[in-house]
Amino acid sequence: MHAFRTPVAPSSIQKDNPIKFLLDAEAIDCLAHNIALVHSHFDAQVFKTLAITNIAALGIMDRSAHIAEALKATLPAKFSDATDILLKTLTPPNVHTERLGLSVFFYLPHTRFVAEYGRDPQHNGGEDPFEVAMRAQYELTRRFTAEFSIRPFLMHDFERTLNQLTLWLNDPDPHVRRLCSEGCRPRLPWGARIPQLIKDPRPTLPILEALKNDPSLYVRRSVANHLGDIAKNHPALAFEICERWLTNADKDLKWVIRHAVRHPAKQGHATAIALRKAAGGR
């Protein structure tokens, strides 16, 4: 059997090589190759033509949407059937959490496909696509991240999606546990803001409580950044949480606290400065 292919990509963003080029002809060709291996009726040439046409002017996020549209046009019409095919093309999950390089962005169009077509029964033969979409989010976050693609589900079906994230809190994979915090950050960089959580972040606080002492720094960093997002709109709430966590905090949790309040501390907020000092910082 022929092996799945992924495009060659640099280990970090290069000044003279914009990140949008991660989703260019090579990535499209690899994706077509991989799908053709598991789906004999796939018209790879039609997909490649649709995906590359008019892509040159697009940034990376718009490229991912453009490629997802090409997938929609060439994969089976029913979301669950199309998603089963995409999941069969995945390479093994990442075993590391650091220095993964930029090759993982190959899966950005996959996550965009799930976000665009996994919320409405009209794309799934009239059947609720939620469970299929969540299974895809789970598998994709283990290879890339589903932090961008989970957000439309939170805005579309908040309670059910938040409940799903809660069910993943004890997953053995740190990539999945990180998604539980990162995916519902109120102000995720590159991601759509979640107005409901900017207004009232309390629904996600049990997730932060569950993950604040996670064994993985990858997960704890997300908790700190999430709490930092909260501090931008609700500083008193964020500071109260940090003060409570300081009691019996080990060095790892103290780092989370310092990291969470670093921005208000830089802005001269006295409480944030005091919290950083109490947590062993400056």
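The rules behind each value
Residues numbered from 1 in each chain as written. Predicted model: local features only at pLDDT ≥ 70, side-chain atom pairs only at ≥ 80, totals over all residues. Heavy atoms only, no water. Helix = DSSP H or I, 4+ residues; strand = E, 2+ residues; numbered from the N terminus. Buried < 20%, exposed > 50% of the residue type's maximum accessible area, 1.4 Å probe, protein only. Contact = heavy atoms within 4.5 Å. Areas by Shrake-Rupley, 256 points an atom, 1.4 Å probe, with all protein chains shown as cover. Lys, Arg positive; Asp, Glu negative; His and termini not counted. Charge placed at Lys NZ, Arg CZ, Asp CG, Glu CD. 1 Å grid on protein atoms, 1.4 Å probe; cavity = no way out; pocket = protein on both sides within 12 Å on 5 of 7 lines; lining within 4 Å. Points joined across faces, edges and corners; volume = space filled by probe spheres on them. Nonpolar A, V, L, I, M, F, W, Y, C, P; charged D, E, K, R; others polar. Core = buried A, V, L, I, M, F, W, Y, C linked by side-chain atoms within 4.5 Å. Arc of directions from axis to C-beta. Salt bridge = Lys/Arg side-chain N within 4 Å of Asp/Glu carboxyl O.

## Observations concerning the overall build of the protein chain
Along the protein chain, the regular secondary structure elements total 16 helices and zero strands. Each principal axis of the C-alpha atoms in the protein chain carries an extent, and together these give about 60 × 45 × 35 Å. Put simply, the protein chain has 282 residues, and 52% of those count as buried. Of the contacts made within the protein chain by residues no fewer than 6 positions apart, 68% connect residues no fewer than 24 positions apart. Approximately 13400 Å² of the protein chain is accessible, and the part contributed by carbon and sulfur atoms is 52%. Averaging the coordinates of the 36 positive side-chain charges in the protein chain and doing the same for the 30 negative ones gives two points 8 Å apart.

## So, the layout of surface pockets
There is about 650 Å³ of room inside the largest pocket. If you list the elements that add at least two residues to the lining of the largest pocket, you get α9 (174–182) and α12 (217–233). It is α12 that contributes the most residues to the lining of the largest pocket, four residues altogether. Split by residue class, the lining of the largest pocket holds twelve nonpolar, seven polar and eight charged. Roughly 220 Å³ of volume is contained in the second largest pocket. Residue lining of the second largest pocket: 15 residues in total, with Arg112, Ala115, Phe148, Ser149 and Pro152 positioned closest to the centre. At the level of elements, α3 (60–74), α5 (108–117) and α7 (151–156) are the ones that each hand at least two residues to the lining of the second largest pocket. Looking at the lining of the second largest pocket element by element, the count peaks at five residues for α5.

## Focus: the side chain of histidine 259
If you trace the backbone, histidine 259 turns up in helix α14 (residues 251–260). A residue is classified by how much of its surface remains accessible, and histidine 259, at 17% relative accessible area, is buried. When neighbours within four sequence positions are excluded, histidine 259 is seen to be in contact with Arg221, Ala224, Asn225 and Arg276.

## So, unusual backbone geometry
Even without being a glycine, asparagine 54 presents a positive backbone phi close to 65°. One can find asparagine 54 in the loop between α2 (44–52) and α3. Its identity as a non-glycine residue notwithstanding, asparagine 248 has a phi of 65°, on the positive side. Along the chain, asparagine 248 turns up in the loop between α13 (235–246) and α14. Of the residues examined, asparagine 248 reaches a relative accessible area of 76% and is grouped as exposed.

## Focus on empty space enclosed by the protein
Applying the stated criterion across every chain yields a total of two cavities of 30 Å³ or more. Its residues placed into classes, the lining of the largest cavity shows seven nonpolar, one polar and no charged. The volume enclosed by the second largest cavity comes to roughly 30 Å³. Taken together, Thr83, Leu86, Leu87, Leu90, His110, Val114, Ala136 and Leu140 make up the lining of the second largest cavity. Looking at side-chain class alone, the lining of the second largest cavity contains six nonpolar, two polar and no charged residues.

## Here's the deal with the nonpolar core
Counting 86 residues, the largest nonpolar core has Phe47, Phe105, Leu227 and Trp245 as its most contacted members. Ranked by residue count, the leading element in this core is helix α6 (residues 130–141), at seven residues. When near neighbours in sequence (up to four residues on either side) are disregarded, leucine 227 contacts Leu208, Ala238, Ile241, Cys242, Trp245 and Ala260.

## As for α2
Those residues of α2 that sit buried are Ala44, Phe47 and Ala51. Seen from one end, α2 has its buried residues packed into an arc of 60°, which puts them on one side.

## Describing the pattern of salt bridges
Taken as a whole and judged by the stated rule, the model has 23 salt bridges. Between arginine 63 and aspartate 24 there is a salt bridge, with its nearest N and O atoms 3.8 Å apart. Separated by 39 residues along the polypeptide, arginine 63 in helix α3 and aspartate 24 in the segment before α1 (25–38) bring together distant segments of the chain. Among the ionic pairs, aspartate 29 bridges to lysine 48, the shortest N-O distance being 3.0 Å. Pair noted here: aspartate 29 is in helix α1 and lysine 48 is in helix α2, with a separation of 19 residues, a long-range link. Residue class for lysine 48 comes out partly exposed when judged on its relative accessible area of 24%. What you see here is one network of salt bridges that share partners, running through Glu147, Arg178, Glu182, Arg185 and Asp229.

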